[in-house]
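Here are the chains, one letter per residue:
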Amino acid sequence: MAQVMAVMVRILGKEGRVSAAASLLHDLNKDGFGIDVYAYTSLISAYANNGRYREAILVFKKMEEEGCTPTFITYNVILNVYGKMGMPWHKIMAIFDGMKRSGVVPDSYTYNTMISCCRRGSLYEEAKGIFEEMRLVGYQPEMVTYNALVDVYGKSRRPQEGMEVLKEMEQKGFAPCVTTCNSVISAYSRDGSLDEAMELKSKMLENGIKPDVFTYTTLLSGYDKAGKDKFAMRVFEEMKNAGCNLNICTFNAMIKMFGNRGKFTEMMKIFDDMKSCSCKADIVTWNTLLAVFGQNGMHTEVAGVFKEMKRSGFVAERDTFNTLISAYSRCGSFDQAMAIYKLMIEARVIPDLSTYNAVLAALARGGLWEQSEKVFDEMNGRCKPNQLTYSSLLHAYANGRQIEKINKRADEIYSGVIEQHSILLKTLVLVYSKCDQLKETEQAFEELCRHGSSPDITTLNAMVSIYGRRRMIKKAQDIISFMKESGFTPTMATYNSLMYMYSRSENFVKAEEILRDLLAKGIKPDSISYNTVIYSSCRNGFMKEASRILREMNESGVIPDVITYNTFISTYAAAAMFVEAIDVLKYMISHGCKPNESSNNAIVDSYCKLNRRDEARMFIDNLWKLNPHISREEERRLSERLVTR
């Protein structure tokens, strides 16, 4: 009877009728039939094969509670489940150690599964330890073993170690397959070492290994991330010429690339093309759309995509929660991001390294460095921090203006206490540039180049930004020349930094020339672009030109913000043109833009500088007529400011 039970459960599981299999065992147990380890193992396997991992774990726990001793097959299945769920390493090791303590000897499949479990948390050291133990107990690594280990190194962004495993494979008589090579190419691409990735692709062809859709898609994504759009499109064309059929991964990569550049029309065209190719959106597609809209601060679109995703039958899983936390924090909706994290915990979805990194990134954007340190300490006992963890911590310090804490971490990175990874060196360039620390920014950039890593577009933009703010035009131009020679595609941040630099220089007309160049290329400037050129004109007394740019800004669909209006108000007020300044204040209020403290300060302070305090007093007293929503606190603050001026 026991064998029949196990067979019936297996059949129902293969048909996807897992609930029916569970009910069958429950009814049989109720009728007095004992459930043995084989029936339990079959049910655990059925749940696992149908992606119902939590139920699989519950059955395993129930089995242990009833004193039913698991077999090595049971342990192998449950270890695989733990790996797929991204369980903390100490929990995976508890199962593995429990297996050995109970006298069940791990087999090669067990060791291969353990190595695979290291993928999600970038646990390359742990994977190497399991690999060594496997050989010590007498098991020879197989093709599956090597592929799993290479994949762990790939996910951990350690291409050199991946290449060493690749060489060892060949020495042992195992010919690397396309899957093995793809893992190393992925590691190179994630690390920004795209020349090495392309070189490996060429070696694949020389050795008769035909690159597949995953090879090309990985390279395309790598060039996209580096900001080398032309190279990305060359890979795309090569892929099509090689006869590779586009799959969902390719479409997702293209959606991400166009979305990252703010080319939403092209992005949605790819989304439509995907449908016409009978390629159905998967969870990664939805997560990509959430991420793209989130990083562009499009809160409404994030909410809309999430609703559409649920309507299409997709259930939010860990990666979706991680993406939503990141998306909402990028939109400035920190409370919403934390609410998603809370919802995730309530849904009993176990946070993994990516979750903690997403939460740390959200905290970093708010400069909440103290909370970041608490989360870092909390995760340290559950997940092993990686370079992205430390990167978020550095950004939290930068946004919280904790220069000394950045310096302390920088010393640890330079000295090797924290591994000197290219991502961390790039992060140091970004955070020091953000904090306007020129010497430290240049040191981090030099260290990055000395490390042998290629700077990406974000790192180069940080250099242009700090040189631009310091009006070091020659150095900024040198970086721009390097970008052009290396095939980097300038982003909006590049152009905005250049416009800022020229707007503060004698050659201020160059700022508007760059704006015109953007428009000629079909690139839509953002509010920062227009605000910078408006500031340039106002600063130099060309108010008509500034008003013309404001009109163009409105006509282009870019909504002026409080910075736009404050630029006009402060310029008019400084020139004692108070009627014009107050007219701008009226205009911004009537167009739904709420004034901030700087809006009112500019007018009050200018009156005071001209010793026209009575008029300043009258302005404050009549402010409620201009802005019926002004608070008592703001009126009181301005009155106190008038007294101290």
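Here, the structure is the one placed above.
Read on for an overview of the structure. (Residues numbered from 1 in each chain as written. Predicted model: local features only at pLDDT ≥ 70, side-chain atom pairs only at ≥ 80, totals over all residues. Heavy atoms only, no water.)

### Considering the overall build of the chain
In plain terms, the rule: In DSSP terms, a helix is any run of H or I states spanning at least four residues, a strand is any run of E spanning at least two, and both are numbered starting from the N terminus. Burial status follows relative accessibility: with a 1.4 Å probe on protein chains alone, a residue under 20% of its type maximum counts as buried, one over 50% as exposed, and anything between as partly exposed. The contact rule is simple, with two residues in contact once any of their heavy atoms fall within 4.5 Å. Note that accessible areas follow from Shrake-Rupley with a 1.4 Å probe, and for residues the cover is restricted to the protein chains shown. Only four residue types enter the tally: Lys and Arg on the positive side, Asp and Glu on the negative side, with His and both chain ends excluded. For charged residues, the charge sits on one atom: NZ in Lys, CZ in Arg, CG in Asp, CD in Glu.
For the chain, the count of helices and strands is 38 helices and zero strands. Seen through its C-alpha atoms, the chain measures out along the principal axes to roughly 100 × 60 × 50 Å. Within the chain, the fraction of its 645 residues that count as buried is 51%. Considering only contacts in the chain between residues 6 or more positions apart, those separated by 24 or more positions represent 62%. By element, 52% of the accessible surface of the chain is carried by carbon and sulfur atoms, the whole surface being about 30900 Å². Charged side chains of the chain number 82 positive and 77 negative; the gap between the two group centres comes to 2 Å.

### Some thoughts on helix 14 (residues 229-241)
Condition: For a helix, the expected span equals 1.5 Å multiplied by the residue count minus one. Here the arc refers to the directions that run from the helix axis out to each C-beta atom.
Relative to the 18 Å expected for 13 residues at 1.5 Å per residue, helix 14 spans 18 Å between its end C-alpha atoms, a close match to the ideal helical length. If you check which residues of helix 14 are buried, you get Asp229, Ala232, Val235, Phe236 and Met239. Each buried residue of helix 14 lies within a common arc of 120 degrees when the element is viewed along its axis, so the set occupies one face. Across from the buried face of helix 14, at angles greater than 90 degrees, the exposed residues are Lys230, Arg234 and Asn241. At the C-terminal side of helix 14, Gly243 shows a positive phi close to 80 degrees.

### Structural notes on a positive patch on the surface
Counted only if it meets this: Patch membership requires over 30% relative accessible area and the absence of a salt bridge. Like charges are linked within 9 Å, and nonpolar side chains (Val, Leu, Ile, Met, Phe, Trp, Tyr) within 5 Å. Each salt bridge in this description consists of a side-chain nitrogen of Lys or Arg and a carboxyl oxygen of Asp or Glu lying within 4 Å of one another.
On the surface, Arg54, Lys61, Lys91 and Arg348 cluster together to form a positively charged patch. Within the secondary structure, Arg348 is located in the loop between helix 20 (334-346) and helix 21 (353-365).

### Comments concerning unusual backbone geometry
With phi around 60 degrees, Asp436 is a residue other than glycine that occupies positive phi space. When you line up the elements, Asp436 lands in the loop between helix 25 (422-434) and helix 26 (438-450). Given the relative accessible area of 31%, Asp436 is considered partly exposed. Here Asn611, not a glycine, exhibits a phi torsion of approximately 60 degrees, which is positive. Locating Asn611 in the fold gives a position in the loop between helix 35 (597-609) and helix 36 (613-621).

### Brief notes about the nonpolar core
Put simply, the rule reads: To qualify as a nonpolar core, a set must consist of buried Ala, Val, Leu, Ile, Met, Phe, Trp, Tyr and Cys residues joined through side-chain atoms within 4.5 Å.
Core analysis: the largest hydrophobic core is formed by 119 residues, its most contacted members being Ile44, Trp89, Ile92, Ile115, Leu289, Val302 and Ile325. Element by element, the count of residues in this core is highest for helix 3 (residues 37-49), at eight residues. In contact with Val302, not counting residues within four places along its chain, are Leu290, Phe293, Gly294, Leu324, Ala327, Tyr328 and Cys331. Counting 82 residues, the second largest nonpolar core, distinct from the first, contains Tyr432, Ala444, Met463 and Tyr502.

### Looking at the packing of aromatic side chains
To keep things clear, this is the line we draw: Stacked, edge-to-face and tilted labels apply to pairs of Phe, Tyr and Trp rings (six-membered ring for Trp) whose centres lie within 6.5 Å, assigned for plane angles under 30 degrees, over 60, and everything in between, in that order. Only when the NZ atom of a Lys or the CZ atom of an Arg is both within 6 Å of the ring centre and within 35 degrees of the ring normal do we say a charge sits over the ring.
According to the stated counting rule, one finds 15 aromatic pairs in the structure shown. Where Phe96 meets Tyr111, the ring centres are 5.8 Å apart and the plane angle is 80 degrees; that geometry is what we call edge-to-face. Of this pair, Phe96 sits in helix 6 (residues 89-101) while Tyr111 sits in helix 7 (residues 108-116), and the two are 15 residues apart along the sequence. The class for Phe96 is buried, based on a relative accessible area of 0%. The exposure class assigned to Tyr111 is buried, which follows from its relative accessible area of 2%. On the basis of an interplanar angle of 20 degrees and a centroid distance of 5.4 Å, the ring pair of Tyr223 and Phe231 is categorised as stacked. You can call Phe231 partly exposed: its relative accessible area is 24%. These aromatic residues form a ring-pair network of at least three members: Phe96, Tyr111 and Tyr139. Over the ring of Phe231 we find Lys228; its NZ or CZ atom is 5.5 Å from the centre of that ring. One Lys or Arg, Arg234, reaches over the ring of Phe231 and ends 4.8 Å from the middle of that ring.

### As for the side chain of Thr180
Along the polypeptide, Thr180 turns up in helix 11 (residues 178-191). Overall, the relative accessible area of 0% leaves Thr180 in the buried class. Beyond its immediate sequence surroundings of up to four residues, Thr180 is in contact with Met143, Asn147, Val150, Leu166 and Met169.

### Things to note about the pattern of salt bridges
The final tally for this structure, using the stated rule, is 35 salt bridges. Between Glu199 and Lys203 there is a salt bridge whose closest N-O contact spans 3.9 Å. On the criterion of helical spacing, the pair formed by Glu199 and Lys203 is a turn pair, its members being four residues apart in helix 12 (residues 194-206). According to the relative accessible area criterion, Lys203 is partly exposed, its value standing at 38%. Across the pair Arg516 and Glu512 runs a salt bridge, and its minimum N-O distance is 2.8 Å. Remark: Glu512 and Arg516 occur in helix 30 (residues 509-520); sequence separation between them is four residues, near one turn of the helix. On the basis of relative accessibility, which here comes to 18%, the residue Glu512 falls in the buried class.

### A short note on the packing of helix 12 against helix 13 (residues 213-226)
We count it as follows: All axes are obtained by fitting lines to C-alpha atoms, using only the stretch in contact for helices, and the reported angles, taken between N-to-C directions, cover 0 to 180 degrees. Under this scheme an angle from 65 to 115 degrees is roughly perpendicular, one under 35 degrees roughly parallel, and one over 145 degrees roughly antiparallel; angles in between are oblique. By definition, any crossing whose near helix is turned counterclockwise from its far helix by less than a right angle is left-handed, and any crossing with a clockwise turn is right-handed. Ten residues, namely Ala, Val, Leu, Ile, Met, Phe, Trp, Tyr, Cys and Pro, are considered nonpolar, four, namely Asp, Glu, Lys and Arg, are considered charged, and the remaining ones, Gly among them, are considered polar.
Between helix 12 and helix 13, the shortest axis-to-axis distance is 11 Å and the interhelical angle comes to 165 degrees. Comparing their axes, helix 13 and helix 12 come out roughly antiparallel. Considering the relative orientation of helix 12 and helix 13, their crossing is left-handed. Across the interface between the two elements, Leu194, Ala197, Met198, Lys201 and Met204 of helix 12 pack against Thr215, Tyr216, Leu219, Gly222, Tyr223 and Ala226 of helix 13. In terms of residue class, the contact of helix 12 with helix 13 is made up of eight nonpolar, two polar and one charged.

### Concerning the state of the cysteines
Condition: Our working definition of a disulfide is a cysteine sulfur pair at a distance within 2.5 Å.
Scanning all chains against the criterion turns up zero disulfides. Left without a disulfide partner, Cys538 is nearest to the cysteine sulfur of Cys593, which lies 15 Å away.

### Brief notes about helix 18 (residues 299-311)
Here helix 18 contains 13 residues, and its C-alpha end-to-end distance of 19 Å stays within 8% of the 18 Å for a straight helix at 1.5 Å per residue. Three or more residues of helix 18 are buried, namely Val302, Val305, Phe306 and Met309. Across the axial projection of helix 18, the buried residues extend over an arc of 100 degrees, all falling on one side. Away from its buried face by more than 90 degrees, helix 18 exposes Thr300, Lys307 and Arg311. Next to the buried residues of helix 18 lie helix 17 (283-295) and helix 19 (318-330). Residue Gly313 follows helix 18 closely and has a positive phi angle near 95 degrees.

### Thoughts on the side chain of Asp151
Here Asp151 lies in helix 9 (residues 143-155). With near-sequence residues (within four places) excluded, Asp151 lies in contact with Arg119 and Ser183.

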